[in-house]
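Inside the fold
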Amino acid sequence: MVDVVLFELLHKEMVAELWEHDPDPDPGPGGRKMSLLVLEGMGFRVGQALGERLPRETPAFREELDVLKFLCKDLWVAMFQKQMDSLRTNHQGIYVLQDNGFPLLIRMGAGLQYVEEAPKFLAFTCGLLRGTLSTLGIKSLVTASVTALPACKFQVAIQRS
């Protein structure tokens, strides 16, 4: 669906442009930079669109675990031409999605200084996951973490009402 190289270049330029022109280099309310919020918002909107378009060929989801499996397989293949490496849950609304070779981090160096820069390259994808889940009727909070490049984990906390 998406040409990976073009998407990687576009994503890299979005991050660079937002970081270069961020009027407030200090974290805002809640300790998050405005650029992260903008990237996550863009990802959310793309996720909403993909959440409407991709599930057309799949049967209806019976459980939220089916929706998360859809993210790990179908959404990830549509975006990155590969499946997520693992999906884990505590069966209480917390899911951990792990990608051991996340395409947006693969071209980064392996040093500790690069791990500190990784969150800005994950904000769009957090929004993408949250937007897709939102369209599929699941309200969630998505965070990402990196301990060693290019692996990353996305933690999805389902918000019950």
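Right above here is the structure, for reference.
One numbering rule holds for all chains: residues counted from 1, following each sequence as written. With the structure being a predicted model, the display of local features is reserved for residues of pLDDT at least 70 and the display and counting of side-chain atom pairs for 80 or more, all residues being used for whole-chain, interface and lining totals. As a rule here, side-chain values come from all non-hydrogen atoms in the structure, and water together with hydrogens is ignored.

The pairing of strand β1 (residues 86-89) with strand β2 (residues 94-99) spans 4 bridges and is antiparallel. Residue pairing for β2: Arg88 is matched across the bridge by Val96. The criterion for strand pairing is that DSSP finds at least two bridges linking the strands in question. Where helices and strands are cited, they refer to DSSP runs of H or I of at least four residues and of E of at least two residues respectively, numbered from the N terminus. The pairing of β2 with strand β4 (residues 152-158) spans 6 bridges and is antiparallel. Within the sheet, the bridge partner assigned to Gln98 lies in β4 and is Lys153.

A word on the sheet that holds β4. With respect to topology, 4 strands assemble into an open sheet ordered β1-β2-β4-β3, the strand pairing being antiparallel. The two strands at the open ends of the sheet, each matched to only one other strand, are β1 and β3 (140-145). Strand-to-strand, the axes of this sheet are offset by a mean angle of 20 degrees, without reference to chain direction. Contacts: residue pairs with any heavy atoms within 4.5 Å of one another. Lines fitted to the C-alpha atoms define the axes, with helices restricted to the stretch that makes contact. Angles between their N-to-C directions range from 0 to 180 degrees. Sheet strands in contact with helix α3 (residues 64-80) are β1, β2 and β4, and its direction is about 15 degrees off that of β2. Across the sheet, helix α5 (residues 119-135) touches β3 and β4, and the angle it forms with β3 is around 155 degrees.

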